[in-house]
Amino acid sequence: MSENKGEIKKMMIILSKATLENVYAAFVLANGARMEGIEAEMFFTFFGLEAVHKKKMNSLHIATVGNPAMHIPTLVGGLPGMEALATTMMKKEMAKIDMPEVSEFLEILADSGVRMWACKLAMDMFHFKKEDLFEGVEEVITVGDFYKKSEGEGVHMLFI
Amino acid sequence: MEKVIAGKTIHVNEEGFMTDFKEWDNTIGEALAVENEISLTPRHWEILNYIQTEYKNEVPLSIRKIGKSGVVDIKEFYQLFPKAPLKTATKIAGIPKPASCI
């Protein structure tokens, strides 16, 4: 067996959620990998597909219920308009630190060489078509295909 | 630490980034590029000049900002400096590694 001394060569990032904080975490990790010269691929599955759905990507929300870091009571978090309010506040803060909107971030990722795939099972479940998705998504593939693409030394997989 | 390159002594950190931009000149830039397996073309120099100007004006650098600079788009930036473009370009330009996640 060859020894690679733990060097990370490729990050395979699976995004299964559509809450803004999770989507941004996945994007920053993928972009950060490319910035360090590490290859990166993303697999969008279940609700994560919304992050690459043309009509939905720019209206994602952060979660105000079931998110203890929000520091508001669950009942208050569930009131109408709370998610929108919290999202607006977070977006303002993100603009200050030069964080792009989801659609622009996707362009940056594609231009940086991040390869993107959509999960076939989830696409079928939500009745999404390939044309509904951001152009940077190369193909709709199965879990098996994704594992195949993850073969090799120094490849790490991350589930968000 | 000290390092001798292109016949001159420069100061670098443990990652090889120069710690004193005043020590930098074009021949050092050329030599640092060779070390990083980049052969500099006029296009590379346009970008190096741009990031040095931004550094002198104390503007923090990020991939997004480079993409919006009008000097180069992100795709070409990755083509010109294939491995870790922002890191490599700043290293050759003799300025500190940008502390940016985007």
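To start, this report covers the structure provided alongside it.

### A closer look at the overall build of chain B
Argument step 1. A count of helical and extended segments in chain B gives five helices and two strands.
Argument step 2. Counting helices and strands in the order they occur from the N terminus, chain B gives β-β-α-α-α-α-α.
Argument step 3. Rg of the C-alpha trace for chain B: 13 Å, near the compact-globule value of 13 Å for 102 residues, within the 12% margin.
Argument step 4. The dimensions of chain B, computed from C-alpha atoms along their principal axes, are 35 × 25 × 20 Å.
Argument step 5. Counting the 102 residues in chain B, one finds 45% classified as buried.
Argument step 6. Of all intrachain contacts in chain B linking residues separated by at least 6 positions in sequence, the fraction that spans at least 24 positions is 50%.
Argument step 7. Total accessible area on chain B is roughly 5,300 Å²; 52% of this is exposed by carbon and sulfur atoms.

### Things to note about the interface of chain B and chain A
Argument step 1. Listed as interface residues are 17 residues of chain B and, on the opposing side, 15 residues of chain A.
Argument step 2. In this assembly, chain B packs against chain A so that about 1,500 Å² is buried in total across both faces, 54% of it on carbon and sulfur atoms.
Argument step 3. On the chain B side of the contact with chain A, Arg-64, Tyr-78 and Ile-102 of chain B bury the most area, a combined 45% of that side's loss.
Argument step 4. For the interface between chain B and chain A, the tally reads three salt bridges.
Argument step 5. A salt bridge links Glu-104 of chain A to Lys-68 of chain B; its shortest N-O distance comes to 3.8 Å.
Argument step 6. At the level of elements, helix 3 (63-67), helix 4 (74-80) and helix 5 (85-93) of chain B are the ones that each hand at least two residues to the side of chain B that touches chain A.
Argument step 7. Grouping the constituent residues of the side of chain B that touches chain A by class yields eight nonpolar, two polar and seven charged.

### Quick look at the sheet that holds strand 1 (residues 10-15) of chain A
All names here are of chain A.
Argument step 1. Taken in spatial order, the five strands of this open sheet run 4-3-2-1-5, and their pairing is parallel. Of all the strands in the sheet, just strand 4 (137-141) and strand 5 (155-159) have a single pairing partner and so form its edges. For this sheet, the mean inter-axis angle between neighbouring strands, taken without regard to orientation, is 20°.
Argument step 2. Summarising the sheet, strand 1 and strand 5 pair through five bridges and their orientation is parallel.

### Notes on the pattern of salt bridges
Argument step 1. Counted under the stated rule, the structure contains 17 salt bridges over all chains.
Argument step 2. The salt bridge partner of Arg-115 of chain A is Glu-138 of chain A, with a shortest N-O separation of 2.7 Å. One end of the pair, Arg-115 of chain A, is in strand 3 (residues 115-119); the other, Glu-138 of chain A, is in strand 4, and 23 residues separate them in sequence.
Argument step 3. Salt bridges linked by common partners bring Glu-104 of chain A together with Arg-64 and Lys-68 of chain B together as one network.

Here is what the cut-offs are and how they apply
Residues numbered from 1 in each chain as written. Chains lettered and ligands numbered in written order. Predicted model: local features only at pLDDT ≥ 70, side-chain atom pairs only at ≥ 80, totals over all residues. Heavy atoms only, no water. Helix = DSSP H or I, 4+ residues; strand = E, 2+ residues; numbered from the N terminus. Rg over C-alpha atoms; globule rule 2.2 N^0.38 Å. Buried < 20%, exposed > 50% of the residue type's maximum accessible area, 1.4 Å probe, protein only. Contact = heavy atoms within 4.5 Å. Areas by Shrake-Rupley, 256 points an atom, 1.4 Å probe, with all protein chains shown as cover. Buried area = accessible area lost by both parts, 1.4 Å probe. Salt bridge = Lys/Arg side-chain N within 4 Å of Asp/Glu carboxyl O. Nonpolar A, V, L, I, M, F, W, Y, C, P; charged D, E, K, R; others polar. Pairing = 2+ DSSP bridges. Axes fitted to C-alpha atoms, helices over the stretch in contact; angles between N-to-C directions.

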